[in-house]
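Analysis of the macromolecular model
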Amino acid sequence: DNAMVFAFQKAEDVLPYLNDRCVYLVGMMGSGKTTVGKIIAEVLGYSFFDSDKLVEQSVGIPSVAEIFQVHSEAFFRDNESEVLRDLSSMHRLIVATGGGAVIRPINWSYMRKGLTIWLDVPLDALARRIAAVGTASRPLLHQESGDPYAKAYAKLTALFEQRMDSYANADARVSLESMFPNELDNTIIRNSCFILVLCTTTKAYMVHQYDVFCSRSVFT
Ligand SMILES: Nc1ncnc2c1ncn2[C@@H]1O[C@H](COP(=O)(O)OP(=O)(O)OP(=O)(O)O)[C@@H](O)[C@H]1O
Ligand SMILES: O=C(O)C1=C[C@@H](O)[C@@H](O)[C@H](O)C1
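For the structure given in this document, a descriptive report is provided here. Keep in mind it's a predicted model, so treat the numbers as computed, not measured. (Residues numbered from 1 in each chain as written. Chains lettered and ligands numbered in written order. Predicted model: local features only at pLDDT ≥ 70, side-chain atom pairs only at ≥ 80, totals over all residues. Heavy atoms only, no water.)

**Some points on the site of ligand 2**
In the vicinity of ligand 2, the residues found are Met 29, Asp 52, Val 64, Phe 76, Arg 77, Gly 98, Gly 99, Gly 100, Pro 139, Leu 140 and Arg 163. With respect to ligand 2, the side chain of Asp 52 contributes an N or O atom lying 2.6 Å from an oxygen atom. Residue Arg 77 places a side-chain N or O atom 2.8 Å away from an oxygen atom belonging to ligand 2. In isolation ligand 2 exposes 310 Å². Once the protein is present, 94% of that is buried. Looking at side-chain class alone, the shell around ligand 2 contains 5 nonpolar, 3 polar and 3 charged residues. (Near = heavy atom within 4 Å. Polar contact = N/O pair within 3.5 Å; in protein donor to acceptor, adjacent residues only side chain to side chain. Areas by Shrake-Rupley, 256 points an atom, 1.4 Å probe, with all protein chains shown as cover. Nonpolar A, V, L, I, M, F, W, Y, C, P; charged D, E, K, R; others polar.)

So this is what it looks like as structure tokens:
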């Protein structure tokens, strides 16, 4: 459709500036790194990787939740760093990183070889998205009892406080303030790709840190 055609055109403009560098998407759980990352990879003709999935493959355990349970968060984090190190020697990748990948400085030394983009979504929107699918796959948010939205919101708030300075290391911040779950199937996701493609030019022009604010009006 039109949004995708537009995105492909933008990708053509931006590819020479990107110069085969990898793009790392960082942000809280549920911020859309996987959803947006797959679209960007498609329009740029890059390969998409999800670092959580690569950790699962390298450890040989099919879910992050199980890795936390069988081993520990520290074990998961060590493997996450190894995965990011390995990816950093490659080119033309879009990487959806785990929500906590930003907390280790060593990970930034790997991600800095490419372009880093922070998908910044308000915590209430994240809690709504996560409550809608349940917290079982997200070990840091999971609790047996209580209201799923309230629990997710409280945990996300605590995590964000610890991490916001780390997210701010990214080359660009895309503030996705007006994105609501019921708009998932329309052009918003596709347009977010356009916004991200725009961000890639920030690295080309060495502008640090470039903020892109998406409001409803951008999409209409
Ligand atoms: N822009 C958006 N607007 C509304 N919902 C979205 C948007 N992007 C993603 N979602 C929904 O939010 C949920 C989380 O998205 P996604 O899996 O892409 O996030 P993520 O950042 O990769 O999460 P995680 O780090 O936990 O894997 C999904 O249910 C997805 O459909
Ligand atoms: O925010 C986090 O710390 C996490 C996010 C997920 O992507 C997984 O990497 C894991 O559940 C931890």
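**Side note on the environment of Arg 77**
Structurally, Arg 77 can be placed in helix α5 (residues 73-87). Taking the C-alpha atoms as reference points, Arg 77 and Leu 123, separated by 46 residues in sequence, lie 23 Å from one another. Ignoring any residue separated from it by four or fewer positions in sequence, one finds Arg 77 in contact with Gly 100, Ala 101, Ile 103, Arg 104, Leu 140 and Arg 163. (Helix = DSSP H or I, 4+ residues; strand = E, 2+ residues; numbered from the N terminus. Contact = heavy atoms within 4.5 Å.)

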